[in-house]
Amino acid sequence: MDKPFAITLDLGSSLANRTGAWRVERPVYRDFLPPCNKACPAGENIQQWLYDAEDGHYERAWRTLMADNPLPAVMGRVCYHPCQTACNRGQLDEAVGINAVERFLGDEAIRQGWTVPVTAPPSGKHVLVVGSGPTGLAAAYHLRLLGHDVTLRDAAPRPGGMMRYGIPAYRLPRDVLDAEIQRIVDMGVTLELDTRVTTVQPDLERFDAVLLAVGAQIGRRAYVPAGEAARILDAVQVLRDVEDADAPQLGRRVVVYGGGNTAVDAARTARRLGAEEAIIVYRRTRERMPAHDSEVVEALEEGVQMKWLSTIAHADEGRLTIEKMELDETGFPRPTGVLEDLEADSVVLALGQEADLSLVEGVSGLVVEDGVVAVDERLMTGHPGLFAGGDMVPSERTVTVGVGHGKRAARNIDAYLHGVASEAAPPAPDAEFGALNTWYYADAPHQVRPRLEGPRRAGTFDEVVQGLTAETALFEARRCMSCGNCFGCDNCFGVCPDNAIIKHPDGTYEIDYDYCKGCGLCVEECPCGAIEMVPETP
């Protein structure tokens, strides 16, 4: 029988017909920027180390994490985890407990004694880092990995900066802090303690580059009308004295004036020092309080009281006069003239902190604006070879930001020492929640970490929040949806009607465009949104 006048496909295997020519759009595998990575001030590749941890390879996950952050056990305790706020899983059920897994990996490394070798050849360059807080420690770590000699100098008798002298032990146990610092020192960092740098000028000639990371360790002064017998202390000094085992006698009733994390730490510390009443007086409302909400919740659990919309009108021996406030239409607090008395044996001021910048006086080219050092995008000051980071430059003041500054400063110092520019790769496009196929993700409740009960905390500085076990850490890591990046689920391989997906022995995929007709089924059925359709070009 004659064939009709029509174009027909050849009989036999469909592979003989290269149907890819029908396509007007093609699927392409992508590596998008997951929201957790984007939100991390330390620049961690969170999704990758969670992926490494999903099969129980905790050491591999820890080493991935350490590429960006040398203090995971610390950060897993004190970081306010903006990564979890951004986590796409939060729109499905609850955000992945990234912070808890990070802490587990950090603690596991301490238990197992994992170390990081310095494999780079010696550069012959010597860098001075002033300040052993998160920025200084992170910078020293990364500079050593790059082969530079590092001297880390601090005025305090023990390293750690505000991590030691500003964060109470019930949030950050000192054995954990000491272990992570010692690992950095053991990489060959020369640590000089009890050595205050009064002026950095001579060191600019002795060292090839200098990084200043002295933090903001001076309590901001504010005028509080007070009688001569009033007992008024500074929160930063109180926390420092507690760390030095020289805790002040605060009395039975303590009022803390301020609304930041330091105020909450001071009130919780007062309870642990024996205060029967610890009251935070703050001029605005809880919603406008700068302290992190989880810290406020834990303080309330421990019996700390809050007086919102209140200010101290006068302080005298054993008694305060409190004035009620109200917010105007702009949210600014205004006095109401309504007064009340409050018994208080001592008042602790927690009204912010400032940096001591006396060491940079007279340095040519260096500019101080609004109490902080001006730096460019490289974290270099106006003086060549002098860098600055952490709380002494314009930025948010957190441990995580400090760790990120340390890495950034180290890379730019390395580029400066080699006479080149450090150029970061442009970020990938964002991994959007709408690109995920959430049908494929099973219900998986967030793993809750045990905590000491509120009443039991008052008499001890024992750690309040406990860690995950190996089993719960594994479960939590597996809750990651791998937003925007392939995790090898085989969905595309299995659903392609044209058998156009090739799976390689290493688990990666390739699209055979000779046969892909561009139906987009692989894109629709990709759980993590790692494939997108792009128009064919002539």
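Residues numbered from 1 in each chain as written. Predicted model: local features only at pLDDT ≥ 70, side-chain atom pairs only at ≥ 80, totals over all residues. Heavy atoms only, no water.

1. Some points on the pattern of salt bridges
Scanning all chains against the criterion turns up 47 salt bridges. Residue E243 is joined to R164 by a salt bridge in which the shortest nitrogen-to-oxygen separation is 3.9 Å. Pair noted here: E243 is in helix α11 (residues 235-243) and R164 is in helix α8 (residues 162-165), with a separation of 79 residues, a long-range link. Given a relative accessible area of 3%, R164 falls into the buried group. Residue E295 pairs with R268 through a salt bridge whose shortest N-O separation is 3.1 Å. (Salt bridge = Lys/Arg side-chain N within 4 Å of Asp/Glu carboxyl O. Helix = DSSP H or I, 4+ residues; strand = E, 2+ residues; numbered from the N terminus. Buried < 20%, exposed > 50% of the residue type's maximum accessible area, 1.4 Å probe, protein only.)

2. Details of unusual backbone geometry
The backbone of S482 sits at a positive phi, close to 55 degrees, despite the residue not being glycine. Residue classification places S482 among the buried positions, given a relative accessible area of 6%. Positive phi, close to 50 degrees, is recorded for N499, a residue that is not glycine. Mapped onto the secondary structure, N499 falls in the loop between α17 (491-495) and β19 (501-503). Given the relative accessible area of 63%, N499 is considered exposed.

3. Some details on the packing of aromatic side chains
Applying the stated criterion across every chain, the model contains six aromatic pairs. Taken together, a centroid distance of 5.1 Å and an interplanar angle of 90 degrees make the contact between W439 and Y440 edge-to-face. Residue classification places W439 among the exposed positions, given a relative accessible area of 71%. Of note, R240 hangs over the ring of Y165, and the distance from its end group to the ring centre comes to 4.4 Å. (Phe/Tyr/Trp six-rings, centres within 6.5 Å; stacked < 30°, edge-to-face > 60°. Lys NZ or Arg CZ within 6 Å of the ring centre and 35° of its normal.)

4. Regarding the sheet that holds strand β13 (residues 333-343)
Taken together, three strands build an open sheet; the order of strands is β11-β12-β13 and the sheet is antiparallel. Strand pairing shows two members of the sheet lacking a second neighbour, β11 (310-316) and β13, which therefore form its edges. Looking at each pair of strands side by side, their axes are set apart by 25 degrees on average, direction ignored. Relative to β13, strand β12 (residues 319-327) runs antiparallel, the two being bridged by eight bridges. (Pairing = 2+ DSSP bridges. Axes fitted to C-alpha atoms, helices over the stretch in contact; angles between N-to-C directions.)

5. Quick notes on the environment of Q48
Mapped onto the elements of the fold, Q48 is located in helix α2 (residues 46-53). A relative accessible area of 32% places Q48 in the partly exposed class. It is 50 Å that separates the C-alpha atoms of Q48 and Y223, two residues lying 175 residues apart in sequence.

6. Side note on the nonpolar core
Generally speaking, a soluble globular protein has its nonpolar side chains buried in company with each other. In this structure, W49, L50 and L105 are the most contacted members of the largest nonpolar core, which totals 63 residues. Each of two domains, domain 2 (35-114 + 439-474) and domain 3 (126-217 + 355-418), supplies a minimum of three residues to this core. Contact partners of L105, with chain neighbours within four places excluded, come to W49, Y58, A61, W62, L65 and W114. A235, L250, V256 and V296 belong to the second-largest nonpolar core, a separate cluster that totals 23 residues. (Core = buried A, V, L, I, M, F, W, Y, C linked by side-chain atoms within 4.5 Å. Domains from an automatic or database assignment. Contact = heavy atoms within 4.5 Å.)

7. Considering the side chain of S310
Looking at the secondary structure, you find S310 in strand β11. For S310, the contacting residues outside a window of four places in its chain are Y257, V281, Y282, R283, I322, E323, K324 and M325.

8. Points about helix α3 (residues 58-66)
Taken together, the buried positions of α3 are occupied by Y58, A61, W62, T64, L65 and M66. Taken together, the buried residues of α3 touch α2, α4 (72-78), α6 (98-112), α7 (134-145), α9 (174-185) and α16 (470-478).

9. Quick word on the sheet that holds strand β7 (residues 232-234)
If you walk across this open sheet you meet the five strands as β7-β14-β8-β9-β10, and the pairing is parallel. The sheet is open, and its two edges are formed by β7 and β10 (305-307), each paired on a single side. Each adjacent strand pair in this sheet contributes to an overall mean axis angle of 25 degrees, direction not counted. Bridge count for strand β8 (residues 253-257) against strand β14 (residues 346-349) is four bridges, and the pairing is parallel. Looking at β14, one finds that V255 is bridged to V347. Each of β7 and β14 is contacted by α11, which is oriented at about 70 degrees to β7, the strand it contacts most.

10. Side note on the domain arrangement of the protein
Considered domain by domain, the protein is made up of domain 1 (19-31 + 486-535), domain 2 (35-114 + 439-474), domain 3 (126-217 + 355-418) and domain 4 (225-349). The straight-line distance from the C-alpha centre of domain 1 to that of domain 3 is 48 Å.

11. As for helix α14 (residues 399-417)
With 19 residues, α14 should reach 27 Å at 1.5 Å per residue; the first-to-last C-alpha distance of 27 Å fits that figure. Where α14 terminates, the next one or two residues include G419, which has phi positive at roughly 70 degrees. (Expected span 1.5 Å × (residues − 1).)

12. Side note on the packing of α3 against α6
Packed helices, taken two at a time, are described by their axes: the angle between them and the distance between them. Look at α3 against α6: their axes get within 10 Å of each other, and the N-to-C directions meet at 105 degrees. The orientation of α3 relative to α6 falls into the category roughly perpendicular. Across the interface between the two elements, Y58, A61, W62 and L65 of α3 pack against E102, F104, L105, G106 and A109 of α6. Of the residues that constitute the contact of α3 with α6, the class distribution is seven nonpolar, one polar and one charged. (Parallel < 35°, antiparallel > 145°, perpendicular 65-115°, else oblique. Nonpolar A, V, L, I, M, F, W, Y, C, P; charged D, E, K, R; others polar.)

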